[in-house]
Amino acid sequence: MAITLKQALKIGGLRKCDVVAGKQGLDCQLNYVTIMEVPDIVRWLKGKELLITSLYPIKDDQQAINNLVKELHAKGTSALAIKAHRFIEEIPQVILEEAEKYNFPIIEIPEEVSYLDILSPVMNVIFDEKVVIQEDLEQAYKLLDEIKLNKWTTQQFIETLTHLMKYDIRIDSFVPYFNMTTTSEYVLASLTDEEIRELEIIQRPTRLSRWNETLSVKQDCIIAPVMIEGRMFGAITSMNVEKEFLEVDLAILERATTMLSIEFMRKKASYELEQQYKSDFFRELLFSPIQHEDSMLEKGRMHGFDLNKKYYFLSLQFMESEKGITFIADLVSHLELICSKFDSNIIIGAMQNNIFLLYPSINKTRDRMDQDFHSIYKEMKRKVSGDLYIGVGSIATELNDIVRGYQQANQAVIIGRTLYDSKSIIFYQDLGFYRLLAEIKDTNEIKKFYNESLGSLIEYDKHHDLELVQTLQVYFKNNESISKTAKELYIHINTMKYRLQRIKVISNLHVKNAEDKLNLQIGLKIHNFIKKDYRFR
């Protein structure tokens with residue numbers, strides 16, 4: 001059922017408008033609100049609508065102005081709302097006179113009231129009062145198009161869509177630069193990877209069920225993917241959709257997703273520019289001498305950088321066969337979305353096909369940090385096919401500490417992935433003695449000590465099958481237990497004793513002598529270390 005013009009004058013922007021002629025016709029019914037976009041608008045009207053215009057399409061056609069009210073009245077139009085001041089100085093007198101003759105209401109729109117201030121609130125009330133059927137699609141499209149032409153917020157968009165479809169609406173975002181929003185009080189489970197892949201293939205609104213976490217039930221929905229260049233960046237979900245309105249719902253959602261994809265693209269461009277500035281800042285911070293610390297800190301503040309937050313530097317390195325700008329950019333975008341859920345102060349960047357994070361540690365326990373790091377690892381592992389490692393540097397309280405943290409995080413990955421088969425998150429501070437080896441700049445003394453302690457055993461193993469170096473590694477790992485070592489190596493205990501004797505003879509170092517044992521243990525650590533340290537290649 002329709003509303004009356006008198007009722008409409010109490011809604012939205014119409015409350016600020018004046019009826020300047022035809023006041024006897026305010027009880028007329030109103031089914032639609034539409035905008036005069038073309039000179040021959042009358043032929044397209046259906047009757048019972050409020051027509052909004054600036055008279056621009058006919059401002060230079062006096063005959064059209066003279067006949068406008070007569071033709072609108074004959075067509076069954078309910079009223080005419082005119083916004084002067086832009087293309088005409090005032091409402092033409094002939095329009096006012098004709099309006100009085102036909103009791104046809106003329107409404108004057110003040111300069112500060114936009115078309116959208118009238119169109120959206122009135123149409124929302126009209127759609128609340130009647131069933132949405134196929135003939136209303138054109139009006140729904142006009143309302144969405146009018147929102148698109150004006151400055152609009154996501155909340156305004158979602159509220160309008162809720163009124164049009166008469167169901168709760170939820171917008172999911174899979175990128176960090178567009179927030180999820182909803183008009184529903186219910187919490188829906190996130191779309192699964194499989195559902196997202198299905199929607200990316202279909203690329204059109206489709207019926208799916210989503211789990212309602214609030215009610216613990218499956219809920220019927222229509223989900224419309226927001227697509228950009230063949231990829232899904234978000235989705236509009238209409239909840240509790242009735243089957244008889246499916247075709248209309250699909251049509252409205254298709255128009256809405258097209259509109260929303262443009263907004264996603266606009267925000268995407270802004271986000272990518274911001275990422276470029278952020279990468280430039282960190283490239284300057286990590287690889288250029290710091291000339292003016294205050295200036296560097298000021299640049300960092302633009303990206304949320306604040307040394308008082310005491311950052312840990314994290315380096316994410318993955319053994320992925322396919323790398324590149326798009327691959328890294330997608331990972332950064334996904335990582336920012338994930339991190340925003342538990343700490344929006346994390347700063348994320350990318351350089352040289354690797355991703356890094358500045359993780360603020362202020363007021364966080366080691367358990368909390370471990371939990372966050374494992375969340376990051378778990379989410380990133382879903383996105384890459386190869387092995388993934390996260391190196392964590394020492395805490396930074398000064399700018400130079402950031403550079404040191406970057407180097408330490410990289411070293412933690414390089415060393416840790418060789419030393420610790422079962423670890424994927426490696427703290428530099430947990431490397432123990434290997435930290436000292438990593439800090440030594442002059443490798444000549446390391447090589448010399450290595451040759452003196454293990455060199456003869458390494459050379460012997462090249463030509464014999466006793467595997468003395470491995471035997472020594474397992475021996476010390478088992479706290480010098482001969483029986484445990486023999487068992488682990490699947491050899492007889494006498495063979496084990498023989499090997500220890502050969503180690504003493506060949507290296508001239510005895511495992512029972514404290515000084516000799518220390519030299520052998522350090523030699524073994526250097527042996528493990530040099531496998532991956534590029535300085536020994």
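Report on the accompanying structure.

Conventions adopted
Residues numbered from 1 in each chain as written. Predicted model: local features only at pLDDT ≥ 70, side-chain atom pairs only at ≥ 80, totals over all residues. Heavy atoms only, no water. Helix = DSSP H or I, 4+ residues; strand = E, 2+ residues; numbered from the N terminus. Rg over C-alpha atoms; globule rule 2.2 N^0.38 Å. Buried < 20%, exposed > 50% of the residue type's maximum accessible area, 1.4 Å probe, protein only. Contact = heavy atoms within 4.5 Å. Pairing = 2+ DSSP bridges. Axes fitted to C-alpha atoms, helices over the stretch in contact; angles between N-to-C directions. Core = buried A, V, L, I, M, F, W, Y, C linked by side-chain atoms within 4.5 Å. Parallel < 35°, antiparallel > 145°, perpendicular 65-115°, else oblique. Left-handed = near helix turned anticlockwise from the far one by under 90°. Nonpolar A, V, L, I, M, F, W, Y, C, P; charged D, E, K, R; others polar. Phe/Tyr/Trp six-rings, centres within 6.5 Å; stacked < 30°, edge-to-face > 60°. Lys NZ or Arg CZ within 6 Å of the ring centre and 35° of its normal. Expected span 1.5 Å × (residues − 1). Arc of directions from axis to C-beta. Salt bridge = Lys/Arg side-chain N within 4 Å of Asp/Glu carboxyl O.

## Considerations on the overall build of the protein
In terms of regular secondary structure, the protein is built from 18 helices and 17 strands. For a compact globule of 537 residues, the expected C-alpha radius of gyration is about 24 Å, and the protein comes in at 36 Å, more than 25% above that figure. The buried share of the protein, taken over its 537 residues, is 51%. Contacts in the protein between residues at least 24 apart in sequence constitute 65% of all its contacts with a sequence separation of at least 6.

## Observations concerning helix α15 (residues 468-477)
Think of an α-helix as 3.6 residues a turn; residues three or four steps apart then line up on the same face. Of all ten residues making up α15, seven are buried, and the element is well covered by its neighbours. Here α15 has its buried residues at Leu 468, Val 469, Thr 471, Leu 472, Val 474, Tyr 475 and Phe 476. Tucked into the core, α15 has its buried residues touching α14 (444-463), α16 (482-489), α17 (493-507) and α18 (514-529). Downstream of α15 by one or two residues, Asn 479 has phi in the positive range, about 55 degrees.

## What to know about the sheet that holds strand β14 (residues 347-351)
Here five strands make up an open sheet; going across it, the order is β14-β15-β13-β16-β17 and the pairing mixed. Every other strand in the sheet has two partners, leaving β14 and β17 (425-427) as the edge strands with one partner each. Adjacent strand axes in the sheet meet at a mean angle of 20 degrees when their direction is disregarded. Pairing of strand β16 (residues 388-396) with β17 involves three bridges; the strand directions are parallel.

## Looking at the environment of Val 384
In this structure, Val 384 sits in the loop between α11 (366-381) and β16. A C-alpha to C-alpha distance of 32 Å links Val 384 and Leu 399, two positions 15 residues apart in sequence.

## Looking at the nonpolar core
One finds Phe 157, Leu 161 and Ile 236 to be the most contacted residues of the largest nonpolar core, which totals 56 residues. Ranked by residues supplied to this core, first place goes to helix α8 (residues 246-287) with nine residues. Setting aside its immediate chain neighbours within four residues, Leu 161 contacts Leu 144, Lys 166, Ile 169, Ile 236, Ile 252, Leu 253 and Ala 256. Among the nonpolar cores identified, the runner-up in size contains 34 residues, and Tyr 389, Tyr 428, Leu 472 and Ile 530 belong to it.

## A word on the packing of α15 against α18
The geometry of α15 relative to α18 is characterised by a closest axis approach of 11 Å and an angle of 110 degrees between their N-to-C directions. It follows from the interaxial angle that α15 and α18 lie roughly perpendicular. Between α15 and α18 the crossing geometry is left-handed. Only Lys 517, Leu 520, Gln 521, Leu 524, His 527 and Asn 528 of α18 make contact with α15, whose side of the interface consists of Val 469, Leu 472, Gln 473 and Phe 476. Tallied by class, the residues present in the contact of α15 with α18 amount to five nonpolar, four polar and one charged.

## Here's the deal with the packing of aromatic side chains
Geometrically, a pair of aromatic rings is defined through the distance of the ring centres and the angle of the planes. The tally for this structure, following the rule as stated, stands at 13 aromatic pairs. For the ring pair Tyr 359 and Phe 373, a centre distance of 4.8 Å and an interplane angle of 70 degrees mean the geometry is edge-to-face. You can see Tyr 359 sitting in strand β15 (residues 354-360) and its partner Phe 373 sitting in helix α11, a full 14 residues away along the chain. According to the relative accessible area criterion, Tyr 359 is buried, its value standing at 0%. A relative accessible area of 1% places Phe 373 in the buried class. Here the aromatic rings of Tyr 475 and Phe 476 are separated by 5.6 Å at their centres, their planes lie at 55 degrees, and the arrangement is tilted. Exposure remark for Tyr 475: the relative accessible area of 0% places this residue in the buried category. We classify Phe 476 as buried; its relative accessible area is 13%. Ring-pair connections join several aromatic residues into one group, and the members of that group are Phe 281, Phe 282, Phe 287, Phe 305, Tyr 311, Phe 313, Phe 356 and Tyr 406. In this structure, Lys 46 is placed above the aromatic ring of Tyr 32, and the distance from its NZ or CZ to the ring centre is 6.0 Å.

## So, the sheet that holds strand β7 (residues 106-108)
Strand order in this open sheet of five strands is β2-β7-β6-β5-β4, and the pairing throughout is mixed. At either margin of the open sheet sits one strand with a lone partner, and together these are β2 (18-21) and β4 (32-35). With strand direction ignored, the average angle separating the axes of adjacent strands in the sheet is 30 degrees. Two strands pair when backbone bridges link them, and β2 and β7 are joined in this way by three bridges, in the antiparallel orientation. Considered in β7, the bridge of Val 19 is made with Ile 107. Strands in contact with helix α3 (residues 93-102) are β2, β6 (79-82) and β7; relative to β2, the strand with the most contacts, it is inclined by about 85 degrees.

## Some points on α17
For α17, with 15 residues, the first-to-last C-alpha span of 21 Å sits near the 21 Å given by 1.5 Å per residue. Along α17, the residues classified as buried are Met 496, Arg 499, Leu 500, Ile 503 and Ser 507. Along the axis of α17, the buried residues cluster in a sector spanning 100 degrees; they form a single face. Trailing α17 by a residue or two, Asn 508 shows a phi angle of about 65 degrees, which is positive.

## Things to note about the pattern of salt bridges
Using the criterion set out here, one finds 24 salt bridges in the structure. With a closest N to O distance of 3.5 Å, Asp 330 and Arg 231 form a salt bridge. Of this pair, Asp 330 sits in helix α10 (residues 325-339) while Arg 231 sits in strand β12 (residues 231-239), placing them 99 residues apart in sequence. A relative accessible area of 38% places Arg 231 in the partly exposed class. Between Glu 379 and Arg 382 there is a salt bridge, with its nearest N and O atoms 2.6 Å apart. Overall, Arg 382 belongs to the partly exposed group, its relative accessible area being 41%. Each member of the salt-bridge network shares a partner with another, and the members are Arg 170, Asp 172 and Arg 210.

## As for the packing of α14 against α18
Running from N to C, α14 and α18 cross one another at 100 degrees; their axes reach a closest spacing of 9 Å. In terms of orientation, α14 and α18 fall into the roughly perpendicular class. Residues Ile 446, Phe 449, Tyr 450, Ser 453, Leu 454 and Ile 458 of α14 form the contact with α18, whose own contacting residues are Asn 519, Leu 520, Ile 522, Gly 523, Leu 524, Ile 526 and His 527. Per-class residue counts for the contact of α14 with α18 are nine nonpolar, four polar and no charged.

## With respect to unusual backbone geometry
Trans is the prevailing form of peptide bonds, just as negative phi is the prevailing case for residues other than glycine. With phi around 50 degrees, Asn 103 is a residue other than glycine that occupies positive phi space. Take Asn 103: it is sitting in the loop between α3 and β7. The phi dihedral of Asn 508 is positive, around 65 degrees, even though this residue is not glycine. Looking at the secondary structure, you find Asn 508 in the loop between α17 and α18. Asn 508 gets classed as exposed once you look at its relative accessible area, which sits at 64%.

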